[in-house]
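This is what each chain is made of:
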Amino acid sequence: LRAYLHFVLVNLHGQPYTKSGALNSKSIPLKLDTDLEKTLGRNTVEEVYTSILSDIEHARELINKEKWETVFSYRFNVLSVDALQSRVSLYMGAWPKCLESAEAVLAKKSVLVDMNETPLALPNHFESVESITALEQVMGSSVNNAVWVPATFLALYQEGDKRLAAYFAAPDENGNRKSSKGGKREFSCTFRVGELYLNAAEAAANMDKLPHARMRLLELMRKRYTPEAYAKKENAVNVMDKNALISEILNERARELAFEGHRWFDLTRMCTPQEFVSIIKAAKPESTPKEYHVKFPIPQREIDLSQNMITQNEGYGQ
């Protein structure tokens, strides 16, 4: 759990691992002991990731529970370790390890929700067949009711994609939609099978293993599109070159994992600060984001408590 928390925090407050100069840039303080009096400074991105990887290996030695009862599904299990390893490796651009870890999960748990069946269960539900760890509720009821999905994002869903109606409420009189994937504790999801298919596909494509990347992508698509729409997708995917395939995988990642806490991190790891700002402005033209707003600053209260962080609040893009 410590590794996971550090991973989330370093990606909120630090530069993406793969960006130029990121490894030596300051990110978050590493808290590895119970000393409440210790004054902390910010560690580099590389130092935080080194700690995360060490914690994952330690967890691999300690965790031996294959599956928890549903009431304890928020707890980490054996598959959770490989799922976290896959996600961390994805953000690092460590493609062989990402693929290896994703496939280790899929070898034991690979069933996807079939959206052509009824009744339909959302894949991020804690009782879904896809659920691996259901610790986080990304969108509480207050957040869910305040969020409208921009038309620029909805445009990613093409004809025959069953997720448009499943993931989003019916449009109002102005064509606006809200997410249906949050608002209740039952939509707790930290790791699920769908993500591992996408991790495997992205890693394989970047390793020039295009047949494997296509296989994993199409296995997911088969469960998300109508048979007619899937047939068109299959034909298109099978003739894509590497760059087109990676682009399709990333778009599929946006569609599949919408409102599950991935999109912000995916954009920051994939885009330059300028590209990221352009995406935000396209979704919300009245906004005025700056390149250095891509990463969240360390809260001022924490800076006030530690003189070691006063001059270290550098932002991605500055």
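Residues numbered from 1 in each chain as written. Predicted model: local features only at pLDDT ≥ 70, side-chain atom pairs only at ≥ 80, totals over all residues. Heavy atoms only, no water.

1. Some remarks on the packing of helix α2 (residues 45-62) against helix α3 (residues 78-92)
Here's step 1: It is the contact of α2 with α3, at a shortest axis distance of 10 Å, that shows an interaxial angle of 160°. Here α2 lies roughly antiparallel to α3, going by the angle between them. The interaxial crossing formed by α2 with α3 has left-handed handedness. Contacts between α2 and α3 pair Y49, I52, L53, I56, E57, A59 and R60 from the former with V81, D82, L84, Q85, V88, Y91 and M92 from the latter.
Here's step 2: A per-class count over the contact of α2 with α3 returns ten nonpolar, one polar and three charged. (Axes fitted to C-alpha atoms, helices over the stretch in contact; angles between N-to-C directions. Helix = DSSP H or I, 4+ residues; strand = E, 2+ residues; numbered from the N terminus. Parallel < 35°, antiparallel > 145°, perpendicular 65-115°, else oblique. Left-handed = near helix turned anticlockwise from the far one by under 90°. Contact = heavy atoms within 4.5 Å. Nonpolar A, V, L, I, M, F, W, Y, C, P; charged D, E, K, R; others polar.)

2. Examining the packing of aromatic side chains
Here's step 1: Counted by the stated rule, this structure contains 13 aromatic pairs.
Here's step 2: Consider the rings of Y167 and F168, whose centres lie 6.4 Å apart with planes at 70°: the pair is edge-to-face.
Here's step 3: What makes Y167 buried here is its relative accessible area of 0%.
Here's step 4: By way of ring pairs, the aromatic residues F7, Y17, Y49, Y91 and F265 are connected into one cluster.
Here's step 5: The cationic tip of K65 hangs over the ring face of W68; the distance from NZ or CZ to the ring centre is 5.1 Å. (Phe/Tyr/Trp six-rings, centres within 6.5 Å; stacked < 30°, edge-to-face > 60°. Buried < 20%, exposed > 50% of the residue type's maximum accessible area, 1.4 Å probe, protein only. Lys NZ or Arg CZ within 6 Å of the ring centre and 35° of its normal.)

3. Examining the pattern of salt bridges
Two side chains with opposite charge may pair up if their charged atoms get near one another.
Here's step 1: Scanning the model with the defined rule gives 26 salt bridges in all.
Here's step 2: Linking E202 and R269 is a salt bridge whose minimum nitrogen-to-oxygen distance equals 2.9 Å. With a gap of 67 residues between them, E202 in helix α8 (residues 193-206) and R269 in helix α12 (residues 263-270) connect regions that are remote in the sequence.
Here's step 3: Beyond isolated ion pairs, a larger network of salt bridges with shared partners links E130, D161, R163, K181, R192, R224, K233, E248, E252, R255, E256 and E260. (Salt bridge = Lys/Arg side-chain N within 4 Å of Asp/Glu carboxyl O.)

4. Here's the deal with helix α10 (residues 227-237)
Here's step 1: Taken as a whole, α10 has its buried residues at A229, Y230, K233 and V237. Viewed end-on, α10 has its buried residues packed into an arc of 100°, placing them on one side of the element. Turned more than 90 degrees away from the buried face of α10 sit P227, E228, K232 and N235, all of them exposed.
Here's step 2: Those residues of α10 hidden inside the fold are in contact with α9 (210-222) and α11 (242-256). (Arc of directions from axis to C-beta.)

5. Digging into α9
Here's step 1: Between its first and last C-alpha atoms α9 spans 18 Å; for 13 residues at 1.5 Å apiece the expected length is 18 Å, and the two agree.
Here's step 2: If you check which residues of α9 are buried, you get L210, A213, R214, R216, L217, L218, L220 and M221.
Here's step 3: Buried residues in α9 make contact with α4 (95-106), α8, α10 and α11. (Expected span 1.5 Å × (residues − 1).)

6. Some details on unusual backbone geometry
Here's step 1: Of note in this structure, D208 is not a glycine but carries a positive phi near 65°.
Here's step 2: Here D208 is to be found in the loop between α8 and α9.
Here's step 3: With phi around 60°, F259 is a residue other than glycine that occupies positive phi space.
Here's step 4: Turning to its location among the elements, F259 is positioned in the loop between α11 and α12.
Here's step 5: Under the relative-accessibility criterion, F259 is labelled partly exposed at 22%.

7. Describing the packing of α3 against α4
Here's step 1: Packing of α3 against α4 leaves a shortest axis separation of 8 Å and a crossing angle of 155°. Between α3 and α4, the angle is such that the two are roughly antiparallel. When the axes of α3 and α4 are compared, the crossing they make is left-handed. Seen from α3, the contacting residues are L79, D82, A83, Q85, S86, S89 and L90; seen from α4, they are W95, K97, C98, S101, A102, A104 and V105.
Here's step 2: Residue classes in the contact of α3 with α4 are distributed as eight nonpolar, four polar and two charged.

8. Examining the environment of A169
Here's step 1: Secondary-structure assignment places A169 in the loop between α7 (163-167) and β2 (191-192).
Here's step 2: Judged by its relative accessible area of 30%, A169 is partly exposed.
Here's step 3: Sequence separation between A169 and S180 is eleven residues, and the spatial gap between their C-alpha atoms is 5.8 Å.
Here's step 4: In this view, A169 contacts R177, K178 and S180; residues no more than four positions away in its chain are not counted.

All we've got here are geometric facts, nothing functional implied.
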